[in-house]
Amino acid sequence: MMTTTEQNPSARPEPTVDELEQEGDIAADFVEGILDIADIDGDLTLDVRAGRAYVSVENEQADALSLLADPDTVQALQELTRIAVQTKTGRFSRLILDVGGSRDARRGQLQKLVERAVERLDDGASQASLPPMSSYERKLIHDIAAEHGLVSESYGEGADRHTVLRRA
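Everything quoted here is computed from the prediction, not taken from an experiment.

S.K.: Would you explain helix 6 (residues 135-147) in this entry?
M.R.: An α-helix turns once per 3.6 residues; consequently, residues spaced three or four apart project the same way. Look at helix 6: 18 Å from first C-alpha to last across 13 residues, which is about the 18 Å you get at 1.5 Å a residue. Buried within helix 6 we find Tyr-136, Glu-137, Arg-138, Leu-140, Ile-141, Ile-144 and Ala-145. Note on helix 6: the residue one or two positions beyond its end, Gly-149, has a positive phi of about 75 degrees.

S.K.: Would you take a moment to explain the side chain of Ser-154 for this structure?
M.R.: Assignment of secondary structure puts Ser-154 in strand 5 (residues 150-155). Here the side chain of Ser-154 touches His-142 through a polar contact of 3.1 Å, side chain to side chain. Beyond its immediate stretch of four places on either side in the chain, Ser-154 contacts Arg-138, His-142, Arg-161, His-162 and Thr-163.

S.K.: I'm lost on the confidence of the model for the protein in this one. Help?
M.R.: Caution applies to low-pLDDT parts of the model: their predicted coordinates are not meant to be read in detail. In this model, the protein carries a mean pLDDT of 90, and residues with pLDDT of at least 70 account for 93%. A low-confidence stretch, residues 1-7 (pLDDT under 50), is modelled with five contacts involving residues beyond four sequence positions or located in other chains.

S.K.: Hey, could you run me through the sheet that holds strand 4 (residues 128-129) in this one?
M.R.: Neighbouring strands of a sheet are bound in pairs by backbone hydrogen bonds; such pairs are parallel or else antiparallel. Taking strand neighbours across the sheet as the criterion, the three strands line up as 4-6-5 in an open arrangement whose pairing is antiparallel. Each edge of the open sheet carries a strand with a single partner, namely strand 4 and strand 5. Here strand 5 pairs with strand 6 (residues 162-167) via six bridges, running antiparallel. Bridged to Glu-153 within strand 6 is Val-164. Against the sheet, helix 5 (residues 102-122) touches strand 4, strand 5 and strand 6, its axis set at about 45 degrees to strand 6. The strands touched by helix 6 within the sheet are strand 5 and strand 6, with strand 5 carrying the most contacts at an inclination of about 160 degrees.

About the cut-offs
All residue numbers refer to positions counted from 1 along the written sequence of the respective chain. Thresholds applied to this predicted model are a pLDDT of at least 70 for local features of residues and 80 or more for the giving and counting of side-chain atom pairs; totals over whole chains, interfaces and linings are not thresholded and use all residues. Only hydrogens and water are set aside; all other atoms, that is, all heavy atoms of the structure, feed into the side-chain values. Only DSSP runs of H or I with at least four residues qualify as helices, and only runs of E with at least two residues qualify as strands; both kinds are numbered from the N terminus onward. Expected helix span is computed as 1.5 Å times (number of residues minus one). Partly exposed describes any residue whose relative accessible area lies between the buried limit of under 20% and the exposed limit of over 50%, with all areas from a 1.4 Å probe on protein chains only and scaled to the type maximum. In protein, a polar contact requires one atom able to donate a hydrogen and another able to accept it; more generally it is a pair of N or O atoms within 3.5 Å, and residues adjacent in sequence count only if both atoms are side-chain atoms. Residue contacts are counted whenever heavy atoms from the two residues lie within 4.5 Å of one another. How sure the predictor is of each residue is captured by pLDDT, a score from 0 to 100. What makes two strands pair is DSSP finding at least two bridges between them. Here, axes are lines fitted to C-alpha atoms. For helices the fit covers the stretch in contact, and angles between N-to-C directions go from 0 to 180 degrees.

Listed below in C-alpha cells is the structure:
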C-alpha cells in the first residue's frame with residue numbers, strides 16, 4: 001500500500017530551516033569534492049531561501065568556473081548533488097546549485113524566452129508553448145510570466161513537461 005507522500009509527492013512536509021541548512025552542508029561537502037577532483041578553485045556560499053537550500057560557487061576570476069557554469073552542466077551537477085544529499089538524509093532535496101552566476105544568466109535567458117512569447121501573443125497567437133525544462137526553470141517561467149500579466153500552466157510528463165503562456 002502506498003503512503004500519502006508516495007501517492008502525492010507534494011504532500012511531503014516542508015523541511016525545517018535546520019534540515020535545509022543540513023542539506024546545504026552536505027551539498028557543499030559534495031561539491032567541494034567535485035571541485036577538488038577537477039582541480040577547480042571555488043568559494044562556496046550557503047543560504048536558505050523560499051524553502052530550499054541554495055549553494056553558490058564563485059571565483060573572482062571570471063573564467064575559472066567556465067567549465068562548470070554551462071546550464072546543462074549545472075543542471076547535471078545539481079541532480080548529482082541532490083542525490084548525494086538524499087542518500088545522506090533519506091529525504092528528497094530541492095536544493096538549488098548556482099555556479100559562477102549561472103542561475104542569473106539562465107533567468108536572463110528565460111526572460112528573453114518569455115518576451116519572445118509575448119511578441120507571439122501580441123501578433124495574435126492565442127497561446128505560446130515553451131520548450132520542456134526543469135521544474136526550477138518552469139517555476140522561474142511562471143514568475144516571469146506573472147510579471148508580464150500572463151497566465152502560465154505546465155503540461156506534459158517527465159522530460160516533456162513544458163509551460164504554455166496565455167493572456168490573462
